[in-house]
Amino acid sequence: MLDEQEIKIFTGGGDAEAIGDRALFSMLCEVSATPKPGLVDRANNGAHDDMDFFTFMASASALRKSFEHFAEIGAETRALFARDAFRHLQRAGLDAEKKMFAATGGVNTHKGAIFSLGLVCGAAGRASLAANTSAEEICRMSAELCTGICDEAYAALERKKILTKGERVFLEHGIRGVRGEAEDGFPSVLRVGLPAYREMKKNGAPENDVLVQTLLHLMVAVHDTNVISRHNLATSHYVRERAADVLAKGGMTTAAGRHAVAEMDRDFILKNISPGGCADLLAVTVFLDSS
C-alpha cells in the first residue's frame, strides 16, 4: 500500500481526492450541457421516461467516492501487471454500480461512465508518480490496463444462448463499442473530442456551447452502440449524418446551427434515439482536458 504522501503526486500536484473531484465535475458538465439531442439535460429528459436531470444529480453524487477509490486502486496496484490491476478496478466498478442503482431506484444513469471514467481515474492514479501526466499518457495507460478485454468479452459468442446488447452489436456488426474504445486508448477522445473542446475554449465560447459542440463532433466520429442496440446500424449512420449536418451549419457558433441542434433534439426524442455512448466520451473529454 502507498502512503498518503505518495498518492498526492498526481498531475499538477493533485491526488486521488482531486481525481474524484474531476470525475464528478466531468459528469455534472455532461448532464448539464443543453441541448443534447436525445439525451437528458437541463431542458428535458431526452429519449428517456425513467430518468431526468435530478436522477443524474443523485447518481453523480453517490458515485463521487467511487471515482476517488478508482484512483487509489490505480496508485496502490502500480506494482502489479496492468491486467491484474484492471481486475481490482472491475470489482470496484461493480460496487459503484450498486451505489448508482441504490441512488436512482434501479435506473441505469452512469453504467457507461463508471467503466470509462473509472478506467481513466484508475490510469491517472497508476500514473501518479509521473509529473505532469498528459491526456495521451493517461489514455495509453488506460489501454494497457484493459489489454485483451475485447477478446475476452467477445470470444465464442456464437455459442452463447443469451447475449448482452453489446455482444449482439459486436456479433452482428463487428463494432467493439466502449470496450474497443478503451482498449485502443480512447482515440475518439484524443483525436476528436479534446481538439474540438480545446479549440472552442480557446475561442472564448461559453462552457455550455463548448460541451454541446464537442458532443456533436463525437457523434459524427463514433458508432454509438447505445443507438445501435436500441435501434440498428442504420440509425447510427443517421445520427452521424445529422450531427455532421448541424456542424456544417455552425453548430453552437451560429444562429442557424443552434436552431438545427434544437431540431435535432426534437427529432431524436420523437424517434427515441439516445447517443449515451457519446455522452460518456464527452465526460472523459472534460476529465482529460485537465491533464
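For the structure given in this document, a descriptive report is provided here. (Residues numbered from 1 in each chain as written. Predicted model: local features only at pLDDT ≥ 70, side-chain atom pairs only at ≥ 80, totals over all residues. Heavy atoms only, no water.)

Side note on the packing of helix α4 (residues 82-104) against helix α5 (residues 111-126)
What counts here: Every axis corresponds to a line fitted to the C-alpha atoms, with the helix fit spanning only the stretch in contact, and the corresponding angles, defined between N-to-C directions, vary from 0 to 180 degrees. To qualify as a helix, a DSSP run of H or I must reach at least 4 residues; to qualify as a strand, a run of E must reach at least 2; elements of each kind are numbered from the N terminus. For classification purposes, angles smaller than 35 degrees are called roughly parallel, those larger than 145 roughly antiparallel, those between 65 and 115 roughly perpendicular, and all remaining angles oblique. Handedness of a crossing is defined here by the sense of rotation of the near helix relative to the far one, left-handed for an anticlockwise turn of less than a right angle and right-handed for a clockwise turn. Residue contacts are defined here by distance: any two heavy atoms, one from each residue, within 4.5 Å place the two residues in contact. In this count, Pro and Cys sit with the nonpolar residues alongside Ala, Val, Leu, Ile, Met, Phe, Trp and Tyr, while Asp, Glu, Lys and Arg are called charged and the others, Gly among them, polar.
Interhelical geometry of α4 versus α5 gives an angle of 140° and a closest axis separation of 10 Å. If you check the angle between α4 and α5, you find them oblique. At the point where α4 passes α5, the crossing takes the right-handed sense. Contact with α4, carried on its side by Ala 82, Ala 85, Phe 86, Leu 89, Gly 93, Ala 96, Glu 97 and Met 100, involves Lys 111, Ile 114, Phe 115, Leu 119, Gly 122 and Arg 126 of α5 and no other residues of that element. Across the contact of α4 with α5, the residue classes tally to nine nonpolar, two polar and three charged.

With respect to the nonpolar core
Applied cut-off: Put simply, a nonpolar core is a bunch of buried Ala, Val, Leu, Ile, Met, Phe, Trp, Tyr and Cys residues held in one set by side-chain atoms that sit within 4.5 Å of each other. Using a 1.4 Å probe on the protein chains alone, a residue whose accessible area is under 20% of its type maximum counts as buried, one over 50% counts as exposed, and one in between counts as partly exposed.
In this structure, Leu 117, Leu 216, Met 219, Phe 287 and Leu 288 are the most contacted members of the largest nonpolar core, which totals 70 residues. Here the element with the most residues in this core is helix α15 (residues 276-289); it accounts for nine residues. Ranked by size, the runner-up nonpolar core spans six residues in total, among them Val 40, Met 51, Phe 53 and Val 107.

Focus: unusual backbone geometry
In this model, Thr 34 is joined to Pro 35 through a cis peptide bond whose omega is 0°. Here Pro 35 is to be found in the loop between α2 (16-32) and α3 (53-76). With a phi angle near 50°, Phe 186 is a residue other than glycine that sits in the positive phi range. Even without a glycine there, the phi angle at Asn 272 is positive, about 65°. Looking at the secondary structure, you find Asn 272 in the loop between α14 (255-271) and α15.

Describing α4
The following threshold applies: Multiplying 1.5 Å by the helix residue count minus one yields the expected span of that helix.
With 23 residues, α4 ought to run about 33 Å at 1.5 Å a step, and its terminal C-alpha atoms sit 32 Å apart, in line with that. On its buried face, α4 is in contact with α3, α5, α6 (135-145) and α7 (149-154). Phi turns positive, to about 70°, at Gly 105, one or two residues after α4.

Digging into the packing of helix α11 (residues 207-221) against α15
Running from amino to carboxyl end, α11 crosses α15 at an angle of 125°, the nearest separation of the two axes being 9 Å. The pairing of α11 with α15 is recorded here as oblique in orientation. The two elements α11 and α15 meet at a crossing, and its hand is right-handed. Each of Leu 211, Thr 214, Leu 215, Leu 218 and Met 219 in α11 lies in contact with α15, whose residues at this interface are Cys 278, Ala 279, Leu 281, Leu 282, Thr 285 and Val 286. A class-by-class count of the residues in the contact of α11 with α15 yields nine nonpolar, two polar and no charged.

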